Amino acid sequence: GTMTGFDLLLEYLTRYFPILLFIFIALAFGVVTLVLSYFVQPRYPEPEKLSTYECGSEPFSDARMPFPVRYYVFAMLFVIFDIEVIFLYPWAVVFTKIGVLGLIEMMIFIGLFIVAYVYAWRKGALEWD
């Protein structure tokens, strides 16, 4: 009746064998695909193929030129407002359970959201030149 350490190890390995097999098959598939594609790919090193590609047009300046700060401000505002809007969904899901206090809290949240939006608008952060 008692299980030895070997029996426990065997049961443990038997229980997790399908997962290990799946991981092995996934890794083998990736490696085999990469190796196979390396051997069957066509190799025609032409000057046009080896040249710098920039959406079909000739590159005219250094690729490491700085972006305007306005781009980063615009992107950051999008992320901030996007996250704030996402908070409306869980509030709407539990709206009937949280009552009037939840409604007041969300109105304060939306009010702050509108104040921040108007502030960004007045500062010209939403203008794109």
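Note that this is a predicted model, so its numbers are computed, not measured. Counting of residues starts from 1 at the beginning of each chain's written sequence and follows it residue by residue. Given that this is a predicted model, residues contribute local features only at a pLDDT of at least 70 and side-chain atom pairs are listed and counted only at 80 or more, while totals for whole chains, interfaces and linings are drawn from all residues. Hydrogen atoms and water are omitted, and side-chain values are computed over all heavy atoms in the structure.

Peer 1: Could you clarify how one ought to interpret the pattern of salt bridges in this entry?
Peer 2: Between side chains of opposite charge, pairing is possible as soon as their charged atoms come close. Should a side-chain nitrogen of Lys or Arg be within 4 Å of a carboxyl oxygen of Asp or Glu, the pair is scored as a salt bridge. Tallying each qualifying case throughout the model produces one salt bridge. Across the pair Glu11 and Arg15 runs a salt bridge whose closest N-O atoms are separated by 2.9 Å. Here Glu11 pairs with Arg15, and both are found in helix H1 (residues 5-40), just four residues apart, close to one helical turn. Secondary structure is summarised from DSSP: a helix means a run of H or I of at least four residues, a strand means a run of E of at least two, and numbering begins at the N terminus for each.

Peer 1: Can you help me understand the confidence of the model for the chain in this one?
Peer 2: Should pLDDT be low for a region, the predicted coordinates there are not to be read in detail. Across the chain, the average pLDDT comes to 85, with 91% of residues at or above 70. For the chain, helix H2 (residues 47-50) is the element with the lowest average pLDDT, namely 73, and H1 is the one with the highest, namely 92. Residue-level confidence of the predictor is what pLDDT reports, using numbers from 0 through 100.

Peer 1: What should I look at first to understand the environment of Val35 in this one?
Peer 2: Of note, Val35 is situated in helix H1. In this scheme, a residue with accessible area under 20% of its type's maximum is buried, one over 50% is exposed, and one in between is partly exposed, where area comes from a 1.4 Å probe on protein chains only. Accessibility expressed as a relative area gives 43% for Val35, which makes it partly exposed. In this structure the C-alpha to C-alpha distance between Val35 and Leu101, which are 66 residues apart in sequence, comes to 61 Å.

Peer 1: Looking at this structure, I do not really get helix H5 (residues 95-122). What am I missing?
Peer 2: Spacing of three or four residues puts side chains on the same side of an α-helix, whose turn is 3.6 residues. For H5, built from 28 residues, the straight-helix expectation of 40 Å at 1.5 Å per residue is missed by more than 12%, its first-to-last C-alpha distance being only 33 Å. Leu101 marks where H5 bends most, by close to 75°. Those residues of H5 that sit buried are Gly102, Met106 and Ala120. On the buried face of H5, the contacting elements are helix H3 (69-86) and helix H4 (88-93). Backbone geometry just downstream of H5 places Gly124 in the positive-phi region, at approximately 85°. Here a helix's expected span is defined as the number of its residues, less one, multiplied by 1.5 Å. Here the bend at each residue means the angle between axes fitted to two seven-residue stretches, the one ending at that residue and the one beginning there. Contact definition: two residues touch when any of their heavy atoms are within 4.5 Å.

Peer 1: Please clarify how the packing of H3 against H5 should be interpreted in this entry.
Peer 2: Helix-helix packing is characterised by the crossing angle of the two axes and by the distance between the axes. Close contact between H3 and H5 brings their axes to 11 Å; oriented N to C, the two are set at 165°. It follows that H3 is roughly antiparallel to H5 by the angle criterion. As H3 runs across H5, the sense of the crossing is left-handed. On H5, the residues that touch Leu77, Phe81, Glu84 and Val85 of H3 are Phe109, Phe113, Ala116, Tyr117 and Ala120. Only the contacting stretch of a helix is used when fitting its axis, a line to C-alpha atoms as for every element, and angles between N-to-C directions run 0 to 180 degrees. The cut-offs work like this: below 35 degrees is roughly parallel, past 145 is roughly antiparallel, 65 to 115 is roughly perpendicular, and the gaps in between are oblique. Crossings are sorted by hand: turned counterclockwise from the far helix by less than a right angle, the near helix makes the crossing left-handed, and turned clockwise it makes it right-handed.

Peer 1: What is the right way to look at the packing of aromatic side chains in this model?
Peer 2: By convention here, two paired aromatic rings are described through the distance between centres and the angle between planes. Stacked, tilted and edge-to-face pairs are distinguished by plane angle, under 30 degrees for stacked and over 60 for edge-to-face with tilted covering the rest, among Phe, Tyr and Trp rings (Trp via its six-membered ring) whose centres lie within 6.5 Å. Applying the stated criterion across every chain, the model contains eight aromatic pairs. Centroid distance Tyr38 to Phe39: 5.4 Å. Interplanar angle 75°. Geometry classified as edge-to-face. Ring geometry for Tyr117 and Trp121: centres 5.7 Å apart, planes at 65°, overall edge-to-face. Remark: Trp121 and Tyr117 occur in helix H5; sequence separation between them is four residues, near one turn of the helix. Looking at Tyr117, the relative accessible area reads 35%, which means it is partly exposed. Residue Trp121 is classed as exposed on the basis of its relative accessible area, which comes to 52%. Through successive ring pairs, a cluster of aromatic residues spans Phe81, Phe113, Tyr117 and Trp121. Remark: a charge is flagged as sitting over a ring if the NZ atom of Lys or the CZ atom of Arg is within 6 Å of the ring centre and within 35 degrees of the ring normal. Over the ring of Tyr38 we find Arg43; its NZ or CZ atom is 4.9 Å from the centre of that ring.

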